[in-house]
Amino acid sequence: MTYMLLIVEDGEYRRTRPAEARQEAYDRMMEYGASLKARGVFKASDALATAAVRIKAHEGKPRLLDGPFAEAKEIVGGYFLIDCATLDEAIRLASECPATEWGTVEVREVMPCFMS
């Protein structure tokens, strides 16, 4: 089964973290990704930019909203896509992610749209 590990973090912390701390976090996340690859469960990963655009239809017309959004204190900073046998295994792998130290790692099963 495929699981997405969403890295949810405090947007302010990400913006104000000193360069040395950013580099250390990046290095640790790269090591984590390499460990997932070595175990054969890695499918993909990327960081996500903090700026965003939301699109919502209102009376049949798309409406664009620029982000990040003032009311949102947390951002989705990135993700890992992994392939493992069970949710328990995905949770175990997510608990090893360094981002749990400065944010939250949310585990979600990826499935076809028609099954949700």
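Below is a short write-up of the structure. These numbers come from a predicted model, not from an experiment.

### Observations concerning the sheet that holds strand E6 (residues 103-109)
Here's step 1: Ordered in space as E2-E5-E1-E6, the four strands form an open sheet in which the pairing is antiparallel. Across the chains shown, the open sheet's two edge strands, defined by having one partner strand only, are strand E2 (42-47) and E6. Each neighbouring strand pair of the sheet contributes to a mean axis angle of 20 degrees, computed without reference to strand direction.
Here's step 2: Note: strand E1 (residues 2-10) against E6, seven bridges, orientation antiparallel. When the sheet's bridge partners are listed, Leu-5 is paired in E6 with Val-107.
Here's step 3: Packed onto the sheet, helix H2 (residues 19-38) meets E1, E2 and strand E5 (74-83) and runs at close to 20 degrees relative to E5.
Here's step 4: With respect to the sheet, helix H3 (residues 87-95) is in contact with E1, E5 and E6, its orientation differing from that of E6 by roughly 160 degrees.

### Digging into a negative patch on the surface
Here's step 1: A contiguous patch of negative charge on the surface is contributed by Glu-20, Glu-24, Asp-27 and Glu-31.
Here's step 2: Along the polypeptide, Glu-24 turns up in helix H2.

### Quick word on the pattern of salt bridges
Here's step 1: Taken as a whole and judged by the stated rule, the model has seven salt bridges.
Here's step 2: Notably, a salt bridge pairs Arg-108 with Glu-106, separated by 2.5 Å at the nearest N-O pair.
Here's step 3: For Glu-106, a relative accessible area of 29% corresponds to the partly exposed category.

Rules of the game
- Residues numbered from 1 in each chain as written.
- Predicted model: local features only at pLDDT ≥ 70, side-chain atom pairs only at ≥ 80, totals over all residues.
- Heavy atoms only, no water.
- Pairing = 2+ DSSP bridges.
- Helix = DSSP H or I, 4+ residues; strand = E, 2+ residues; numbered from the N terminus.
- Axes fitted to C-alpha atoms, helices over the stretch in contact; angles between N-to-C directions.
- Contact = heavy atoms within 4.5 Å.
- Patch = residues over 30% accessible without salt bridge, like charges linked within 9 Å, V, L, I, M, F, W, Y side chains within 5 Å.
- Areas by Shrake-Rupley, 256 points an atom, 1.4 Å probe, with all protein chains shown as cover.
- Salt bridge = Lys/Arg side-chain N within 4 Å of Asp/Glu carboxyl O.
- Lys, Arg positive; Asp, Glu negative; His and termini not counted.
- Charge placed at Lys NZ, Arg CZ, Asp CG, Glu CD.
- Buried < 20%, exposed > 50% of the residue type's maximum accessible area, 1.4 Å probe, protein only.

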